Amino acid sequence: MLRTIPSKSQKILESAKDIELIHWNEGNVIPREKLLELAKGVDGILCMLTEKIDSELLDAAGPNLKVVSTLSVGYDHVDLNELRKRSIPLGYTPGVLTDATADITVMLVLASARRMREGIRAVENGRWCKWDPTWMLGTQLTNKTIGIVGLGRIGSATALRLKPFIGNEGKIIYSSRTEKSEAASIGAIKVEFDVLLRDSDVICICCAMNEETNEMFNYEVFKKMKKNVVLVNTARGKIIRQEDLCRALSEGMLGSVGLDVCTPEPLDQKDPLLKFDRVTVIPHIGSATLETRTLMGNIAVKNVLSGVRGEPLPHSVK
Ligand code: DGY
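Structure report, in brief. Since the model is a prediction, treat every value here as computed from it, not as a measurement.

Here we look at the sheet that holds strand β5 (residues 171–175)
Here is step 1 of the chain: The sheet built from 7 strands is open, its strands ordered β6-β5-β4-β7-β8-β9-β10 with parallel pairing. Single-partner strands in this sheet number two, and they are β6 (188–190) and β10 (279–281). Taken pair by pair, the neighbouring strands of this sheet meet at an average axis angle of 20°, ignoring direction.
Here is step 2 of the chain: Direction of pairing for strand β7 (residues 202–205) relative to strand β8 (residues 230–233): parallel, over a ladder of 4 bridges. Looking at β8, one finds that Val-202 is bridged to Val-230.

What about the nonpolar core?
Here is step 1 of the chain: In terms of nonpolar packing, the biggest core is built from 85 residues, with Leu-46, Val-109, Ile-148, Ala-188, Cys-204 and Ile-205 touching the most fellow members.
Here is step 2 of the chain: The element that contributes the greatest number of residues to this core is helix α5 (residues 98–113), accounting for 9 residues.
Here is step 3 of the chain: Residues lining this core come from more than one domain, with at least three contributed by each of domain 1 (7–96 + 289–308) and domain 2 (98–281).
Here is step 4 of the chain: When neighbours within four sequence positions are excluded, Ile-205 is seen to be in contact with Val-149, Phe-217, Val-232, Asn-233, Ala-235 and Ile-239.

Observations regarding the packing of α5 against helix α7 (residues 153–166)
Here is step 1 of the chain: It is the contact of α5 with α7, at a shortest axis distance of 8 Å, that shows an interaxial angle of 50°. By the angle between their axes, α5 is oblique relative to α7. Pair α5 / α7 crosses with right-handed handedness. Between α5 and α7, the contacting residues are Thr-98, Asp-99, Thr-101, Ala-102, Thr-105, Val-106 and Val-109 on the first element and Arg-153, Ile-154, Ala-157, Thr-158, Arg-161 and Leu-162 on the second.

What counts, and at which threshold
Residues numbered from 1 in each chain as written. Predicted model: local features only at pLDDT ≥ 70, side-chain atom pairs only at ≥ 80, totals over all residues. Pairing = 2+ DSSP bridges. Helix = DSSP H or I, 4+ residues; strand = E, 2+ residues; numbered from the N terminus. Axes fitted to C-alpha atoms, helices over the stretch in contact; angles between N-to-C directions. Core = buried A, V, L, I, M, F, W, Y, C linked by C-beta atoms within 7 Å. Buried ≥ 20, exposed ≤ 12 C-beta atoms within 10 Å, placed from the backbone. Domains from an automatic or database assignment. Contact = placed C-beta atoms within 7 Å. Parallel < 35°, antiparallel > 145°, perpendicular 65-115°, else oblique. Left-handed = near helix turned anticlockwise from the far one by under 90°.

None of the figures reported here should be taken as evidence of function without further support.
Now the structure itself:
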């Protein structure tokens, strides 16, 4: 196991008498060399999204390896093809982080639309002048169009949460490779990606990271958005081409941006992105509640235990 996980989940693993546990609990990401060394001969790996699971690691682990279990719903850090070649199942943690991540998406939408970072900075830096009718004016969500990119579990939960903010005159549109059956009950309308870019006042990136979505948001795409759009990404940093985002912001495009994910993570304090007042960056904490991380930990532990015991995983990537 490659990190300390919430104590309830950790106890389940520690109380498994048929398991010899090798535990990296130094409180940081395991250095690659150490990982390659510790992986030798193991039956299962319980990893985080911070570990690259590729052929080098799988080779280092060797033929005993029966399962990889990631404590995350995203698995872009895992080379699925390499796992498939070796018939090794991948466990992941779908469903349980939907609410926490949708909550933080809404938080970033509101914080960005209402210029929360600028406001807090003004208070802390002594720039809070007397109440002023034209100071710190943000964007209101009432009657606005929300565009959701990827209406999966998190996208749908985000749309449902944002509905009351936009009221009856507001609209929810989404873009996705497939029609989503849940869209009707949410009242979300499927549109082409370019239409979503053109019409949305708020865009929430809630899709999975894959070859198709890698740098899907680039300069050409930013040019198609409304000038005052609120753009929020709680999926994966690489879905946005970050240097293009900086260029677009410096050219006055986009209203405000809220990011729970970026490239790289952690972001350097001197990263050009942080100099824009209208960008709010938080440190990939979408699923960071005790409740959610415990549920994720429990699933990840059950997946790895099932795998090493030769049983089907409760939650495996198809
Ligand atoms: C995941 O599980 O993929 C999330 O990004 C963690 O918050």
